[in-house]
Amino acid sequence: MATKRRPLRPNLAPGQNSGSNMNFRPGGPDITRSEARGTRPTAAPTSIREILVMGVIHLCKKTIFFNTDLKVALYLGSLFIISLIGDFLPFPKTYFARSDNLFNLYFVKVGWGWTLLFAVPFAVLSAYTITCGDMKRMLRHHFPRIVIATFFWFFWTKLFNIVETSYGRCTTKGFQSKSSCLKAGHLWQGFDISGHAFILIHSSLVLIEEARPIIKWETIKEHLRNELHNRSVSEKTGSNPLRGLNDEQMRSLQFLYTRLTPIIRTLFIGMAALQLLWDIMLVGTMLYYHRMIEKVISGIIAILTWYFTYRFWYPTNGLLPEAPGNGVFYYQRESVPFKRPTHLHTCTPSAANQASSSGLKANPNGSGQWSTGKVGAQSSSAQQQIPTFMGMPLFTNVKAASAAASLLQAEQQKREQQQAGVDS
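Residues numbered from 1 in each chain as written. Predicted model: local features only at pLDDT ≥ 70, side-chain atom pairs only at ≥ 80, totals over all residues. Heavy atoms only, no water.

### Comments concerning the packing of helix 8 (residues 195–210) against helix 11 (residues 292–313)
At a minimum axis distance of 8 Å, the contact between helix 8 and helix 11 shows a crossing angle of 25 degrees. One element, helix 8, and the other, helix 11, form an angle in the roughly parallel class. With respect to the hand of their crossing, helix 8 and helix 11 are arranged in right-handed fashion. On the side of helix 8, the interface is formed by Ala197, Phe198, Ile201, His202, Leu205, Val206, Glu209 and Glu210, while helix 11 contributes Lys295, Ser298, Gly299, Ile301, Ala302, Ile303, Thr305, Trp306, Tyr310 and Arg311. Here the residues of the contact of helix 8 with helix 11 sort into 10 nonpolar, four polar and four charged. (Axes fitted to C-alpha atoms, helices over the stretch in contact; angles between N-to-C directions. Helix = DSSP H or I, 4+ residues; strand = E, 2+ residues; numbered from the N terminus. Parallel < 35°, antiparallel > 145°, perpendicular 65-115°, else oblique. Left-handed = near helix turned anticlockwise from the far one by under 90°. Contact = heavy atoms within 4.5 Å. Nonpolar A, V, L, I, M, F, W, Y, C, P; charged D, E, K, R; others polar.)

Below, the structure is given as structure tokens:
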């Protein structure tokens, strides 16, 4: 026989309105923590347009964030092998082998300009958002990376020109300078370190590193929603990365994230497409321009410049500027994968009883939780609460899982030793 459903808030006085006729636990500052379970806000419905955009973003992430260390190795290896083959076995001359082809004139020649066109607004807008609108912090901690990258581009390309001009000669005697030799229609033979290869590799690596703030960018929305909820119910604890922000920073972050995210996503897609174009143009440079040694040296210089700045300088604490993605909060927290040990299937009710009889006792903090009776240095780890369901542990974190695995493994080894003694 059907019975009337028990109300969730029976302590309301007769005639008192709960705010809604629906039978659910409402949230709010007047609700205790036990009553507020299950009231955490959920994400808003996702539109079809949003799904398509996130699909494109995911594809671009797979393209641009392809293992950077492996990509650097491929750059050096292909520069050496393909260029060496091209020196001894010249490839057929095509339209792309001409120095006046469309891509060389309007992309490679002004390659750094195209890089800045996407990298500068993306770096500024993303850094301005994760600094919660702190313009001074953005200009001091993030914008200098673009200035430094531009400086190295200018410095190395000018140095390559100086080397070629100073250590070369004209094919016809009587011309001491490169400019006079070229004006007379002759050729200047010098050690011409490939500026094409340097610009393409340097630009590609800068785009990859400056695009890193987009990683887990969508989680900021979730952190905002959860933190605003926690503050509305006066929740003082939690691991939300936005916990340390004040109310003004929260309002600024919410406004900037909502307004700038569409622009940031569009710029990121452009950066991914441009980085892919630079890789394609680099293959053409390997085939048709400069000698092998000139291209390899320029590639090594570009990679060393990238490693010194983005892998050594920026990640070092106490030195400015900061690495991309650093702000007044850290949203790119890495999740630690944990694989359930294969021997945990022995954790049955009988195994739990055996553990209890061999030194484990019920934890008074809750049912289904166990702790050891040992004291001393291991008491904190031994008292790790491990909730169970039908005799199987439910791991809430890696520490709990490790504690359960260690206890079960110790018990299994002890039983094996006892069994071995009986058999002998």
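### Re the packing of aromatic side chains
Scanning the model with the defined rule gives 18 aromatic pairs in all. Consider the rings of Phe107 and Trp114, whose centres lie 5.3 Å apart with planes at 20 degrees: the pair is stacked. Plain terms: the ring middles of Phe155 and Trp156 are 5.1 Å apart, the flat faces sit at 70 degrees to each other, and that makes the pair edge-to-face. For Phe155, a relative accessible area of 38% corresponds to the partly exposed category. An aromatic cluster of three or more residues is present, and its members are Phe151, Phe152, Phe155, Trp156, Phe160 and Phe198. (Phe/Tyr/Trp six-rings, centres within 6.5 Å; stacked < 30°, edge-to-face > 60°. Buried < 20%, exposed > 50% of the residue type's maximum accessible area, 1.4 Å probe, protein only.)

### Considering the pattern of salt bridges
Applying the stated criterion to the full structure yields 11 salt bridges. A salt bridge links Arg311 to Asp69, with the shortest nitrogen-to-oxygen separation between them at 3.2 Å. Placement of Arg311 in helix 11 and of Asp69 in helix 2 (residues 68–88) is noted, with a sequence separation of 242 residues between them. Arg311 gets classed as partly exposed once you look at its relative accessible area, which sits at 32%. For Asp69, a relative accessible area of 46% puts it in the partly exposed group. Ionic pairing is found between Glu227 and Arg243, a salt bridge with its closest N-O pair at 3.6 Å. Of this pair, Glu227 sits in helix 9 (residues 219–232) while Arg243 sits in the loop between helix 9 and helix 10 (247–288), and the two are 16 residues apart along the sequence. (Salt bridge = Lys/Arg side-chain N within 4 Å of Asp/Glu carboxyl O.)

### Observations concerning the environment of Met135
Mapping Met135 onto the fold places it in helix 5 (residues 135–141). As for Met135 and Val124, which are separated by 11 residues in sequence, their C-alpha atoms are 9.5 Å apart.

### Thoughts on helix 9
End to end, helix 9 covers 20 Å across 14 residues, agreeing with the expected 20 Å (1.5 Å per residue, within 8%). Buried within helix 9 we find Ile220, His223, Leu224, Asn226, Glu227, His229 and Asn230. Elements in contact with the buried residues of helix 9: helix 4 (111–130) and helix 10. At the C-terminal side of helix 9, Ser234 shows a positive phi close to 60 degrees. (Expected span 1.5 Å × (residues − 1).)

### Structural notes on helix 8
In a regular helix each residue adds 1.5 Å, so 16 residues correspond to 22 Å; helix 8 covers 22 Å between its end C-alpha atoms and thus fits that length. One side-chain oxygen of the residue at the start of helix 8 lies 3.1 Å from the amide nitrogen of Ala197, identifying that residue as Ser194. (Polar contact = N/O pair within 3.5 Å; in protein donor to acceptor, adjacent residues only side chain to side chain.)

### Here we look at the nonpolar core
By size, the foremost hydrophobic cluster in this structure holds 64 residues, and its most contacted members are Ile201, Leu205, Trp217, Ile220, Leu253, Phe268 and Phe329. Elements represented by at least two residues in this core include exactly helix 1 (48–64), helix 2, helix 4, helix 6 (144–166), helix 8, helix 9, helix 10 and helix 11. It is helix 10 that contributes the most residues to this core, 16 residues altogether. Setting aside its immediate chain neighbours within four residues, Ile201 contacts Tyr75, Leu79, Leu282, Gly299, Ala302 and Ile303. (Core = buried A, V, L, I, M, F, W, Y, C linked by side-chain atoms within 4.5 Å.)

### Here's the deal with the packing of helix 2 against helix 8
Between helix 2 and helix 8, whose axes approach to 12 Å, the crossing angle comes to 175 degrees. Taken together, the axes of helix 2 and helix 8 lie roughly antiparallel to each other. Between helix 2 and helix 8, the residues in contact are Thr68, Lys71, Val72, Tyr75 and Leu79 and Ala197, Ile201, Ser204, Leu205, Ile208 and Glu209, respectively.

### What about the side chain of Thr285?
With respect to the helices and strands, the residue Thr285 is situated in helix 10. Dropping the residues within four chain positions of it, Thr285 is found in contact with Ser194, His196, Ala197, Leu200 and Lys295.

### Examining the confidence of the model for the protein chain
Averaged over all residues, the pLDDT of the protein chain is 79; the fraction at 70 or higher stands at 74%. Scored below 50 in pLDDT, residues 16–31 shows 20 contacts in the model against residues more than four places distant or in partner chains. Here residues 335–384 is modelled with pLDDT under 50, and outside its nearest four sequence neighbours on either side it reaches 65 contacts, counting other chains as well. (pLDDT = per-residue confidence, 0-100.)

### Details of empty space enclosed by the protein
Over the atoms rolls a probe the size of a water molecule, and its path tells where empty space is left. Per the counting criterion, the structure on display carries three cavities of 30 Å³ or more. The calculated volume of the largest cavity comes to roughly 60 Å³. In this structure, the largest cavity is lined by 13 residues; those nearest its centre are His202, Val206, Trp306, Thr309 and Tyr310. Secondary structure elements with two or more residues in the lining of the largest cavity: helix 6, helix 8 and helix 11. (1 Å grid on protein atoms, 1.4 Å probe; cavity = no way out; pocket = protein on both sides within 12 Å on 5 of 7 lines; lining within 4 Å. Points joined across faces, edges and corners; volume = space filled by probe spheres on them.)

### Concerning the environment of Lys295
Here Lys295 lies in helix 11. Between the alpha carbons of Lys295 and Phe80 there is a distance of 8.0 Å; along the sequence they are 215 residues apart.

### As for unusual backbone geometry
The phi torsion of most residues other than glycine is negative, and most of the peptide bonds are trans. In the segment running from Leu320 into Pro321, the intervening peptide bond is cis, with an omega of 0 degrees. Secondary-structure assignment places Pro321 in the loop between helix 11 and helix 12 (349–357). Here Lys216, not a glycine, exhibits a phi torsion of approximately 60 degrees, which is positive.

### Comments concerning the environment of Asn246
Tracing the chain through its elements places Asn246 in the loop between helix 9 and helix 10. With relative accessibility at 40%, the residue Asn246 sits in the partly exposed group. A distance of 2.7 Å separates the side chain of Asn246 from the backbone nitrogen of Gln249, its partner in a polar contact.

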